[in-house]
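# Secondary and tertiary structure notes
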Amino acid sequence: KQAIDEALKAKEAAIDSRTDLTDEEKAVARADAKAKADEAKKNIDNATTDEAVSQAKTAGTTSIASVNPTAQSKPAAKQAIDDALKTKEAEIDSRTDLTDEEKAAAKADAKVKAEEAKRNIDTATTDEAVSQAKTAGTTEVNAVNPTAQSKPTAKQAIDDALKAKETEIDSRTDLTDEEKTAAKADAKAKADEAKRNIDTATTDEAVSQAKTAGTTE
């Protein structure tokens, strides 16, 4: 029975040292090991021969040693974070208003938040703390919503250039109203084309080039 108690003590220490398990999972595993130890000791008590005692001891220590709980709470929570990150990355990639550089920055931000959430899950000790870390983490990842800067700024520059050009055309006394209208329509067509080119550009550099070409036009 001493051997059984020692096996139980060793198993409880092994369970307690596992950082992948929550307190609740540890408690369940320890209860399982304790039940196996109690059963082994009953079997030892009921044994009538040295051989039967030895067999009951061996069976008991083997049974206790076999207790090897699989972590559920933390891996499931971390999977939820990974899923949220994957969804967010796909959402960012699908946005045509962002340049490649803006997408990369947003995805890096989401990744940092996901990694922090997983660290918080790892350090949580209870199911409740794991659940809270998971909820906070998925909320943080989901909240990543980059504001497009490059394309809107470039399109504003085109609009400003068009406005200036229209004012300039209107101020010319050597043109008739019809000539002014035609010139303004030409400028507007060039501005619209420039903004389309900005929209289809995928990098900051391509946006900049489309802006420069458009304002020059």
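Details of the structure are given in the entry above.
Scope of this entry: the structure provided in the associated data block. Treat the numbers as computed from the prediction; the structure is a model and nothing was measured.

## Some remarks on the nonpolar core
Within the largest apolar cluster, 17 residues are counted, with the highest numbers of intra-cluster contacts made by Ile-81, Ile-92, Ala-114, Ile-121, Val-130 and Val-144. For Val-144, the contacting residues outside a window of four places in its chain are Lys-88, Ile-92, Ala-106, Asp-109, Ala-110 and Lys-113. Listed in part, the 14 residues of the second largest apolar core include Ile-4, Ala-37, Ile-44 and Val-67.

## A look at the pattern of salt bridges
The final tally for this structure, using the stated rule, is 20 salt bridges. The closest approach of N and O atoms between Asp-186 and Lys-190, which form a salt bridge, is 2.9 Å. You can see Asp-186 and its partner Lys-190 sitting in helix H8 (residues 177-200), four residues apart, about one turn around the helix. Note that Asp-192 and Lys-188 form a salt bridge whose closest N and O atoms lie 3.0 Å from each other. Within this pair, Asp-192 and its partner Lys-188 are both found in helix H8, separated by four residues, close to a single helical turn.

## Focus: helix H4 (residues 73-93)
The periodicity of an α-helix, 3.6 residues per turn, causes residues three or four positions apart to be oriented the same way. Along its 21 residues, H4 runs 31 Å from first to last C-alpha, staying within 8% of the 30 Å computed at 1.5 Å per residue. Where H4 is concerned, the buried positions are Ser-73, Lys-74, Ala-77, Ile-81, Ala-84, Leu-85, Lys-88 and Ile-92. Taken end-on, H4 shows its buried residues confined to a sector of 110°, consistent with a single buried face. Projecting away from the buried face of H4 at angles above 90 degrees are the exposed residues Lys-86 and Thr-87. Along its buried surface, H4 packs onto helix H2 (23-46), helix H5 (100-123) and helix H6 (127-142).

## Focus: the packing of helix H1 (residues 2-16) against helix H3 (residues 50-65)
The N-to-C vectors of H1 and H3 enclose an angle of 5°; their axes lie 9 Å apart at closest approach. One finds that H1 runs roughly parallel with respect to H3. Contact residues: Ala-3, Ile-4, Ala-7, Leu-8 and Lys-11 in H1; Lys-57, Gly-60, Thr-61, Ile-64 and Ala-65 in H3. When its residues are assigned to classes, the contact of H1 with H3 shows six nonpolar, two polar and two charged.

Here is what the cut-offs are and how they apply
Residues numbered from 1 in each chain as written. Predicted model: local features only at pLDDT ≥ 70, side-chain atom pairs only at ≥ 80, totals over all residues. Heavy atoms only, no water. Core = buried A, V, L, I, M, F, W, Y, C linked by side-chain atoms within 4.5 Å. Buried < 20%, exposed > 50% of the residue type's maximum accessible area, 1.4 Å probe, protein only. Contact = heavy atoms within 4.5 Å. Salt bridge = Lys/Arg side-chain N within 4 Å of Asp/Glu carboxyl O. Helix = DSSP H or I, 4+ residues; strand = E, 2+ residues; numbered from the N terminus. Expected span 1.5 Å × (residues − 1). Arc of directions from axis to C-beta. Axes fitted to C-alpha atoms, helices over the stretch in contact; angles between N-to-C directions. Parallel < 35°, antiparallel > 145°, perpendicular 65-115°, else oblique. Nonpolar A, V, L, I, M, F, W, Y, C, P; charged D, E, K, R; others polar.

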